[in-house]
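Remarks on the overall topology
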Amino acid sequence: MLTDVIKAKNYLFSLGIHGEIPMGSERMEMRKRQMSVQQESAAVVTAPAQQDQAAPANQRGSNACCFCWCCCCSCSWNEDREDRSLHGSYDAKTEGNGDCEDSPKPTLEEVRTWGQSFDKLMACPVGRNAFRQFLRTEFSEENMLFWLACEEFSMESNNSAIEEKARLIYEDYVSILSPKEVSLDSHVREVINKNMLEPTCHTFDDAQLQIYTLMQRDSYPRYMNSQVYKNLLNSLSEQSPES
């Protein structure tokens, strides 16, 4: 019995409790303090373990699932949606990201050359903006935005920038979940998906050419025959000293 009392006193002393062994209500109070100390100790031990378990869920690396570029995979898109809202989409960095009407007015000679070929229209910055405004009325402005993004992307030489820009272009214009998805055939999509494993400045070359051809054959003839182009040409003709 004496040995038990000594052990109890030593235990209480280790807990910072001095004096005689408490009885009755004092014993209950001591027990509460012991439980409180044990709970606090347990909380200190379990907290880092919980943090370590939660860390992998919060940390998103370039794992195979989130970096897969298959058209049916939505992992990357869903997880990057918040990042995209913070950093903006790729078209925010492309030519003429503001209102097309803010672009300089074209000259009569420029407008006339637009009618000669689609290549001459696309080679003229003012012509691209005018054509883009027309595409907006046809709800196909994403074709021009995609072409401009690819044009800028093809001139990138920094490897880390290439990977990031390729991801943005893919999510903005190639992903089937994007509201600005461009019309690409299955073969071109397959090529892009393979290229996205190791992106280069030529990752979207086939897709850019396909969209360029689509605009040339489909939208360009309608623009040339539109009242918008005819009015612009007539307006500049009336203002020209030659008239």
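Residues numbered from 1 in each chain as written. Predicted model: local features only at pLDDT ≥ 70, side-chain atom pairs only at ≥ 80, totals over all residues. Heavy atoms only, no water.

**Let's talk about the overall build of the chain**
On a plain count of helices and strands, the chain comes out with 11 helices and 0 strands. Ordered by position from N to C terminus, the α and β elements of the chain give α-α-α-α-α-α-α-α-α-α-α. A burial count over the chain gives 35% of its 243 residues as buried. Relative to all contacts within the chain whose residues are 6 or more apart in sequence, the contacts with residues 24 or more apart total 62%. Looking at the chain as shown, the accessible area adds up to about 15000 Å², and 53% of this sits on carbon and sulfur atoms. (Helix = DSSP H or I, 4+ residues; strand = E, 2+ residues; numbered from the N terminus. Buried < 20%, exposed > 50% of the residue type's maximum accessible area, 1.4 Å probe, protein only. Contact = heavy atoms within 4.5 Å. Areas by Shrake-Rupley, 256 points an atom, 1.4 Å probe, with all protein chains shown as cover.)

**Here's the deal with the environment of Ser154**
Take Ser154: it is sitting in the loop between helix H7 (141-153) and helix H8 (159-174). Judged by relative accessible area, Ser154 falls into the partly exposed class, the value being 27%. Through-space distance from the C-alpha of Ser154 to that of His202 is 6.1 Å; in sequence the pair is 48 residues apart. In this structure the side chain of Ser154 is engaged in a polar contact, spanning 2.7 Å, whose partner is the backbone oxygen of Glu151. (Polar contact = N/O pair within 3.5 Å; in protein donor to acceptor, adjacent residues only side chain to side chain.)

**Overview of the nonpolar core**
Judged by nonpolar contacts, the single largest core of 42 residues is most densely connected at Trp114, Phe131, Phe146, Ile192, Phe204 and Tyr223. Among the secondary structure elements, those contributing two or more residues to this core are helix H4 (108-114), helix H5 (118-123), helix H6 (125-137), H7, H8, helix H9 (186-195), helix H10 (205-224) and helix H11 (227-239). With 8 residues, H7 is the largest single contributor of residues to this core. In contact with Phe204, other than residues within four places in its own chain, are Cys150, Phe153, Ala166, Ile169, Tyr170, Val174, Ile192 and Met196. (Core = buried A, V, L, I, M, F, W, Y, C linked by side-chain atoms within 4.5 Å.)

**Structural notes on H10**
The terminal C-alpha atoms of H10, which comprises 20 residues, lie 27 Å apart, in line with the 28 Å expected from a rise of 1.5 Å per residue. Taken as a whole, H10 carries its principal kink of about 35° at Gln216. Residues of H10 that are buried: Ala207, Gln208, Ile211, Tyr212, Met215, Ser219, Tyr220, Tyr223 and Met224. Check the buried side of H10 and you find it contacts H4, H5, H6, H7, H9 and H11. (Expected span 1.5 Å × (residues − 1). Bend = angle between axes of the 7 residues up to and from the residue.)

**A word on the pattern of salt bridges**
One side chain can pair with another of opposite charge once the charged atoms of both are near each other. All chains considered together, the criterion is met by 9 salt bridges. Here Glu138 ties to Arg222 by a salt bridge, and the two come within 2.8 Å at their closest N and O atoms. Here Glu138, found in the loop between H6 and H7, pairs with Arg222, found in helix H10; they are 84 residues apart in sequence, far enough to count as distant. With a relative accessible area of 26%, Glu138 lands in the partly exposed category. (Salt bridge = Lys/Arg side-chain N within 4 Å of Asp/Glu carboxyl O.)

**Side note on the packing of aromatic side chains**
Throughout the structure, instances matching the rule amount to 11 aromatic pairs. Judged by centre distance (6.4 Å) and plane angle (85°), the rings of Phe146 and Phe204 are edge-to-face. Of this pair, Phe146 sits in helix H7 while Phe204 sits in the loop between H9 and H10, and the two are 58 residues apart along the sequence. Note on Phe204: relative accessible area 2%, which makes it buried. (Phe/Tyr/Trp six-rings, centres within 6.5 Å; stacked < 30°, edge-to-face > 60°.)

**Some thoughts on the packing of H9 against H10**
Where H9 meets H10, the closest approach of the two axes is 9 Å, and the angle between their N-to-C directions is 150°. Taken together, the axes of H9 and H10 are roughly antiparallel relative to one another. On H10, the residues touching Val188, Val191 and Ile192 of H9 are Asp206, Ala207 and Gln210. Classifying every residue of the contact of H9 with H10 by side-chain character gives 4 nonpolar, 1 polar and 1 charged. (Axes fitted to C-alpha atoms, helices over the stretch in contact; angles between N-to-C directions. Parallel < 35°, antiparallel > 145°, perpendicular 65-115°, else oblique. Nonpolar A, V, L, I, M, F, W, Y, C, P; charged D, E, K, R; others polar.)

**A closer look at the confidence of the model for the chain**
Parts of the model with low pLDDT should not have their predicted coordinates read in detail. In this model, the chain carries an average pLDDT of 76, and 56% of its residues clear a pLDDT of 70 or more. Note on residues 54-68: pLDDT is under 50 here. Beyond four places in sequence and across chains, it has 12 contacts. Contacts of residues 70-78 to residues separated by more than four positions or lying in other chains number 21 contacts, the stretch itself having pLDDT below 50. (pLDDT = per-residue confidence, 0-100.)

**Concerning the packing of H7 against H10**
Look at H7 against H10: their axes get within 10 Å of each other, and the N-to-C directions meet at 140°. Taken together, the axis directions place H7 and H10 in an arrangement best described as oblique. The chirality of how H7 crosses H10 is left-handed. Every residue of H10 that contacts H7 at Asn143, Met144, Phe146, Trp147, Cys150 and Glu151 is listed here: Ala207, Gln208, Ile211, Tyr212, Leu214 and Met215. Taken together, the residues that form the contact of H7 with H10 break down as 9 nonpolar, 2 polar and 1 charged. (Left-handed = near helix turned anticlockwise from the far one by under 90°.)

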